[in-house]
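Tertiary structure, described
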Amino acid sequence: MNTSLSGFNTLIATFSSSSASKGDIVSMSGNMTVSKAASNAAFCGVCTDKRGGFVSVQLSGYTRLSYSGTAPAVGFTALAADGNGGVKTASSGGRTLLVTDVDTENTTIGVML
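Now for a quick tour of the structure. (Residues numbered from 1 in each chain as written. Predicted model: local features only at pLDDT ≥ 70, side-chain atom pairs only at ≥ 80, totals over all residues. Heavy atoms only, no water.)

Across its full length, the protein holds 0 helices and 10 strands. Traced from its N-terminal end to its C-terminal end, the protein shows the element sequence β-β-β-β-β-β-β-β-β-β. Here the C-alpha atoms of the protein give a radius of gyration of 13 Å, agreeing with the 13 Å that 2.2 N^0.38 yields for 113 residues. Overall size of the protein, expressed as C-alpha extent along the three principal axes, is 35 × 35 × 20 Å. Counting every position in the protein, which comprises 113 residues, the buried fraction comes to 39%. Surface summary for the protein: the accessible area is close to 6100 Å², and the carbon and sulfur share equals 52%. The positive charge centre, built from 7 side chains, and the negative charge centre, built from 6, are 9 Å apart in the protein. (Helix = DSSP H or I, 4+ residues; strand = E, 2+ residues; numbered from the N terminus. Rg over C-alpha atoms; globule rule 2.2 N^0.38 Å. Buried < 20%, exposed > 50% of the residue type's maximum accessible area, 1.4 Å probe, protein only. Areas by Shrake-Rupley, 256 points an atom, 1.4 Å probe, with all protein chains shown as cover. Lys, Arg positive; Asp, Glu negative; His and termini not counted. Charge placed at Lys NZ, Arg CZ, Asp CG, Glu CD.)

Pasting the structure below:
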């Protein structure tokens, strides 16, 4: 048996968006509206799908995210949007999330949102 966190406490909501694409880290940008998160933003979740002007956003649970810069540490780590659809270790601000695993070869991390 392998370990897996997929599906744990997953919560997805639908928002309006003209700029977010599947896989992007997103931030709130208006009433019931999200946009692709700008660099250093404290993001609210990850876009899981887009149809027309609407996106589904995963707000909690386990997910894999791309990262840029120095690999985040496993454990509770402050993360912010990197402005390119992924995350980076936050020097200040951001969100403190549980990083469960780091894949430096593919520059991805597993996190609990």
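If you trace the backbone, Ser56 turns up in strand 5 (residues 54–60). There is a polar contact of 2.6 Å between the side chain of Ser56 and the side chain of Thr48. Ignoring any residue separated from it by four or fewer positions in sequence, one finds Ser56 in contact with Ile12, Ala13, Thr14, Val46, Cys47, Thr48 and Asp49. (Polar contact = N/O pair within 3.5 Å; in protein donor to acceptor, adjacent residues only side chain to side chain. Contact = heavy atoms within 4.5 Å.)

This next bit is on the nonpolar core. Ranked by size, the top nonpolar core spans 15 residues in total, and within it Ile25, Phe43, Leu65, Leu79, Val87, Ile109 and Val111 carry the most contacts. Counting residues per element, the ones that place at least two in this core are strand 7 (75–81), strand 9 (95–103) and strand 10 (108–112). Among residues more than four places away in sequence, those in contact with Val87 are Ile25, Phe43, Leu65, Ser66, Tyr67, Ser68, Ala80, Ala81, Asp82 and Ile109. Within the second largest apolar cluster, 8 residues are counted, among which are Val26, Val34, Cys44 and Cys47. (Core = buried A, V, L, I, M, F, W, Y, C linked by side-chain atoms within 4.5 Å.)

The subject of this paragraph is the pattern of salt bridges. Taken as a whole, this structure holds 2 salt bridges when the rule is applied. One salt bridge connects Asp49 with Arg51, and the closest N-O pair in it is separated by 3.6 Å. With a relative accessible area of 30%, Asp49 lands in the partly exposed category. (Salt bridge = Lys/Arg side-chain N within 4 Å of Asp/Glu carboxyl O.)

Mapped onto the secondary structure, Arg64 falls in strand 6 (residues 62–66). Look at Arg64 and you get partly exposed, because its relative accessible area is 37%. Separated by 28 residues in sequence, Arg64 and Ser92 place their C-alpha atoms 22 Å apart. Among residues more than four places away in sequence, those in contact with Arg64 are Asp101, Asp103, Thr108, Ile109 and Gly110. Here the side chain of Arg64 touches Asp101 through a polar contact of 2.5 Å, side chain to side chain. Within polar-contact distance, the side chain of Arg64 engages the side chain of Thr108 at 3.0 Å.

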